[in-house]
Amino acid sequence: MAWRSIGKDNADLVRKLREFNIISGDLVEKAMVDTDRKFYCPNNPYMDAPQGIGCGVTISAPHMHAYALELLKDHIRPGGRVLDVGSGSGYLTACFARYMKAVGDQGTGLVVGIEHQPKLVELSQKNIRSDDPNLLESGTIKIVQGDGRLGCSEHAPYDAIHVGAAAPETPTELITQLNKGGRLVVPVGPALGSQYLEQYDKDATGTVTSTRLMGVMYVPLTDLKTP
């Protein structure tokens, strides 16, 4: 997706994403306006480009987060469950939680962010508390440490799953944890090779269909032991 810009503040950045039709839904726009990137991105938070957040990782460009929200919005519902794999600084995890509340959740839904680096788990919790501590205290968001390639079976099944790093091949375990009627969005492909953003949909019978969306470039999905 070839779009780059910079906003003078968070609301201006989101307004430009809407103007360029990257955001089409009002509730997606509200979730992103209400989640100020300054809490999650220490450098150039309102520039539409990946930025370093420490621990050798980056936060994705805002337009990719907007795109992910748009792809998953119809699967984020009151009382539902969302999994954010490779949740990093916690930004998109918070956006998912705010979107869920905006569609009418009364505190029964859950958004799980999973990260394999303990420092990132601590960082994302700190960031979310700085943004709005109630997101954690209410139990709307849980940040867990673990191998994202294995998902988080404790809270499965999920209506929507987002993966913020590239899986080398079809992530079968994540598809297993997808609820019927759910959707998984994940970059698939080798590090430094051809990667594509893939969409997996599971219908009411459990049948899974895949759709290739576009070429991307993400860091690989790893755990602490396997680079």
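- Going by what an unreviewed UniProt entry lists, the protein chain is known as protein-L-isoaspartate(D-aspartate) O-methyltransferase and is assigned to Phlebotomus papatasi.
- We quote the UniProt Sequence similarities (unreviewed entry) comment for the protein chain here in full: "Belongs to the methyltransferase superfamily. L-isoaspartyl/D-aspartyl protein methyltransferase family."
- Looking at the protein chain in UniProt, the text filed under Subcellular location (unreviewed entry) is "Cytoplasm, Cytosol".

### Quick notes on the nonpolar core
Move 1: Residues Met32, Ile76, Phe96, Ile141 and Leu197 are the most contacted members of the largest nonpolar core, which totals 45 residues.
Move 2: A per-element tally of this core places helix 4 (residues 91-102) first, with eight residues.
Move 3: Residues contacting Leu197, with those up to four places away along its chain left out, are Met64, Tyr67, Leu71, Val185, Val186, Pro187, Thr211, Arg212, Leu213, Met214 and Val216.
Move 4: Formed by 20 residues, the second largest nonpolar core is a distinct cluster that contains Leu110, Leu178, Val186 and Tyr200.

### Remarks on the layout of surface pockets
Move 1: The computed volume of the largest pocket comes to approximately 780 Å³.
Move 2: Together, 39 residues line the largest pocket, and Thr58, Ser60, Gly164, Tyr218 and Val219 are the ones closest to its centre.
Move 3: Secondary structure elements with two or more residues in the lining of the largest pocket: strand 2 (57-59), helix 3 (62-72), helix 4, strand 4 (110-115) and strand 9 (208-216).
Move 4: Taken together, the residues of the lining of the largest pocket sort by class into 18 nonpolar, 18 polar and three charged.

### Remarks on the pattern of salt bridges
Move 1: Within this structure, the stated rule accounts for 13 salt bridges.
Move 2: A salt bridge links Arg77 to Asp159, with the shortest nitrogen-to-oxygen separation between them at 3.3 Å. Note that Arg77 is positioned in the loop between helix 3 and strand 3 (81-85) and Asp159 in strand 6 (residues 158-163), a separation of 82 residues in sequence.
Move 3: The partly exposed category is assigned to Arg77, whose relative accessible area is 33%.
Move 4: Judged by its relative accessible area of 8%, Asp159 is buried.
Move 5: Overlapping salt bridges bring together Lys8, Asp12, Arg15, Lys16 and Glu19 as one network.

### Remarks on the pairing of strand 9
Move 1: The pairing of strand 8 (residues 195-202) with strand 9 spans eight bridges and is classified as antiparallel. Paired with Glu198 across the bridge in strand 9 is Arg212.
Move 2: Hairpin remark: strand 8 followed by strand 9, antiparallel, with five residues in the connecting loop; positive phi at Gly206, about 95 degrees.

### Some words on the side chain of Thr35
Move 1: Within the fold, Thr35 resides in the loop between helix 2 (26-34) and strand 1 (51-54).
Move 2: A residue is classified by how much of its surface remains accessible, and Thr35, at 0% relative accessible area, is buried.
Move 3: Residues within four places of Thr35 in sequence aside, it is in contact with Asn10, Tyr40, Tyr91, Ala94, Cys95, Arg98 and Asp131.

### A short note on the sheet that holds strand 7 (residues 178-188)
Backbone-to-backbone hydrogen bonds join strands into a sheet, with any given pair of strands oriented parallel or antiparallel.
Move 1: Taken in spatial order, the seven strands line up as 5-4-3-6-7-8-9 in an open sheet, and their pairing is mixed. Unpaired on one side and paired on the other, strand 5 (141-145) and strand 9 mark the two borders of the sheet. Mean inter-strand twist for the sheet, computed between neighbouring axes without regard to direction, equals 15 degrees.
Move 2: Of the strand pairs in this sheet, strand 4 and strand 5 are connected by five bridges, and their pairing is parallel. Bridge pairing in strand 5 links Glu115 to Gln145.
Move 3: Running over the sheet, helix 3 touches strand 6, strand 7, strand 8 and strand 9 and is turned about 160 degrees from strand 9.

Calculation criteria
- Counting of residues starts from 1 at the beginning of each chain's written sequence and follows it residue by residue.
- In keeping with the predicted nature of the model, local features appear solely for residues at pLDDT of at least 70, side-chain atom pairs appear and are counted solely at 80 or more, and the whole-chain, interface and lining totals rest on all residues.
- Excluded from the side-chain calculations are hydrogens and water; all other atoms, namely the structure's heavy atoms, are used.
- UniProt positions are given in the numbering used here, feature names are shortened, and annotations may be inferred rather than shown by experiment.
- For this analysis, a nonpolar core means a set of buried residues of the types Ala, Val, Leu, Ile, Met, Phe, Trp, Tyr and Cys, connected via side-chain atoms within 4.5 Å.
- We call a residue buried when its accessible area falls under 20% of the maximum for its residue type, exposed when it is over 50%, and partly exposed in between, using a 1.4 Å probe and counting protein chains only.
- The secondary structure listing takes helices from DSSP runs of H or I that are at least 4 residues long and strands from runs of E that are at least 2 residues long, numbered from the N terminus.
- Here, two residues are considered to be in contact whenever any of their heavy atoms come within 4.5 Å of each other.
- Grid spacing is 1 Å over the protein atoms alone, the probe is 1.4 Å, and a cavity is where that probe fits but cannot get out, while a pocket is an open set with protein on both sides within 12 Å along at least five of seven lines and lining residues have an atom within 4 Å of a point.
- Grid points are joined across faces, edges and corners, and a volume is the space filled by probe spheres set on the points.
- All amino acids are sorted into three groups, where Ala, Val, Leu, Ile, Met, Phe, Trp, Tyr, Cys and Pro are nonpolar, Asp, Glu, Lys and Arg are charged, and the leftover types, Gly among them, are polar.
- Throughout this description, the term salt bridge denotes a Lys or Arg side-chain nitrogen within 4 Å of a carboxyl oxygen of Asp or Glu.
- Pairing between strands requires that DSSP locate at least two bridges from one strand to the other.
- The axes are straight lines fitted to the C-alpha atoms, using for helices just the contacting stretch, and the angles between their N-to-C directions are given from 0 to 180°.

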